[in-house]
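A look at the structure
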Amino acid sequence: MDIKNLFLGDGDWHFMVEVALRTAIMFVTIILVLRISGKRGVRQLTLFEVAIILGLGSAAGDPMFQEDIPIFQAFVVFAIVMGIYKTLTWMAAKSLRVHRMLEGQELVVVENSVFNVKNEDRDFSTLEFFAELRNQSVEHLGQVRTAVLEVDGTMSVLFYADDEVRFGLPLFPQNYKEADLSSDPGVLACMHCGCTQAYKAVLLGSTCPRCNHQKWAVALKTKRIT
């Protein structure tokens, strides 16, 4: 095995010094450009922001170690990308339609303690949504008045006051399971949409009146512990 070729390839140690200098220059440039963009920190990114970062990353990465790509070309790419970014951001601030085209639209997932069945084509799984709520100390949907999936992937939740908590679909694995209907467990919650029904109502018509699914879990009415 040729160790020199493995680590250096066709270059030499002088070029490694140049790579170090190129890397330092591009790294500082990235920091400056991100500061100019107005970003204060890192959070979950929208698709528009991901596209910007991918463009900047490619423009910054190649000149770091490719000798035939001058740094000035990367500066030109940075200037164009940031110009497009600033222009589209300004347009988005002026127009809600442009904003939603670039960033997407927030999605109401829970209304009044039940899933919004109008959004059944949602692009996230129920278990992922359960995990988001569990991370906010939510035990069941009866504690939730409204939950909105934001365009950056985060979840915004409004809760009921303790004296307004309803029966709701449990979110933790030990309780999110099909109920035994051979005896009266009390109030039941549809495992698909969260609709709650009394035990006798479920026996009379086993399908959920909101979504027509047939699996039920025992509903909870515990207060939220923060």
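Up top you'll find the structure we're talking about.
Attention here is on the structure that accompanies the text. (Residues numbered from 1 in each chain as written. Predicted model: local features only at pLDDT ≥ 70, side-chain atom pairs only at ≥ 80, totals over all residues. Heavy atoms only, no water.)

**Here we look at helix H6 (residues 126–134)**
Note the cut-off: When accessible area is computed with a 1.4 Å probe and restricted to protein chains, residues below 20% of their type maximum are described as buried, those above 50% as exposed, and intermediate ones as partly exposed. Working definition: helices are DSSP H or I runs of at least four residues, strands are E runs of at least two. Numbering for both runs from the N terminus. When we speak of the arc, we mean the arc of directions from the helix axis to the C-beta atoms. The contact definition used throughout considers only heavy atoms, calling two residues in contact when any of these lie within 4.5 Å.
Phe129, Phe130 and Leu133 are the residues of H6 that are buried. The arc that holds the buried residues of H6, viewed along the axis, is 105 degrees, so those residues lie on one side. Residues of H6 that are buried in the fold lie against strand S1 (107–111), strand S2 (114–115), strand S3 (144–149) and strand S4 (155–159).

**A few points about the nonpolar core**
What counts, and what does not: Think of a nonpolar core as a cluster: buried Ala, Val, Leu, Ile, Met, Phe, Trp, Tyr and Cys residues, connected wherever their side-chain atoms sit within 4.5 Å.
Core analysis: the largest hydrophobic core is formed by 20 residues, its most contacted members being Val110, Phe115, Phe129, Leu133, Leu141, Ala147 and Leu169. Only S1, H6, S3 and S4 provide two or more residues apiece to this core. Counting residues in each nonpolar core, the second largest holds 14 residues, with Phe48, Met64, Phe78 and Tyr85 among its members.

**Structural notes on the environment of Val19**
Position of Val19 relative to the elements: it lies in helix H2 (residues 13–37). Separated by 48 residues in sequence, Val19 and Glu67 have C-alpha atoms that sit 8.3 Å apart. Setting aside its immediate chain neighbours within four residues, Val19 contacts Met64 and Phe65.

**A few points about the packing of aromatic side chains**
Which entries qualify depends on this criterion: Aromatic pairs are defined between Phe, Tyr and Trp rings, using the six-membered ring for Trp, whenever the two ring centres lie within 6.5 Å; interplanar angles under 30 degrees are classed as stacked, those over 60 as edge-to-face, and all others as tilted. We count a charge as sitting over a ring when the NZ of a lysine or the CZ of an arginine lies within 6 Å of the ring centre and within 35 degrees of the ring normal.
By the definition in use, this model includes three aromatic pairs. Between Phe130 and Tyr176, the aromatic rings sit 5.0 Å apart at their centres with planes inclined by 85 degrees, giving edge-to-face as the arrangement. Of this pair, Phe130 sits in helix H6 while Tyr176 sits in the loop between S4 and strand S5 (187–190); the two residues are 46 residues apart in sequence, bridging distant segments of the chain. The class for Phe130 is buried, based on a relative accessible area of 1%. Among the residues examined, Tyr176 registers a relative accessible area of 23% and is labelled partly exposed. Among the aromatic residues, ring-to-ring pairing joins Phe115, Phe129, Phe130 and Tyr176 into one connected group. Lying across the ring of Phe172, Arg134 places its NZ or CZ 5.7 Å from the centre. Positioned above the aromatic ring of Phe159 is the side chain of Arg224, whose terminal nitrogen or guanidinium carbon lies 3.7 Å from the ring centre.

**Topic: the sheet that holds strand S6 (residues 196–198)**
Rules: Note: two strands are recorded as paired if DSSP finds a minimum of 2 bridges between them. Only the stretch in contact is used when fitting a helix axis, every axis being a line fitted to C-alpha atoms; angles between N-to-C directions are given from 0 to 180 degrees.
Spatial strand order, S6-S5-S7: three strands in an open sheet with antiparallel pairing. Each edge of the sheet is formed by a strand with only one pairing partner; in this case those strands are S6 and strand S7 (216–218). Strand-to-strand twist of the sheet, defined as the mean angle between neighbouring strand axes without regard to direction, takes the value 40 degrees. Across three bridges, the pairing between S5 and S6 is antiparallel. Bridging across to S6, Leu188 finds its partner in Gln197.

**Concerning the side chain of Asn116**
Operational definition: Polar contacts, as counted here, are pairs of nitrogen or oxygen atoms within 3.5 Å of one another; within protein the pair requires one atom able to donate a hydrogen and one able to accept it, and residues that are adjacent in sequence qualify only if both atoms are side-chain atoms.
Relative to the helices and strands, Asn116 is located in the loop between S2 and H6. Assessed through its relative accessible area of 12%, Asn116 is described here as buried. A distance of 3.4 Å separates a polar atom in the side chain of Asn116 from the backbone oxygen of Val108.

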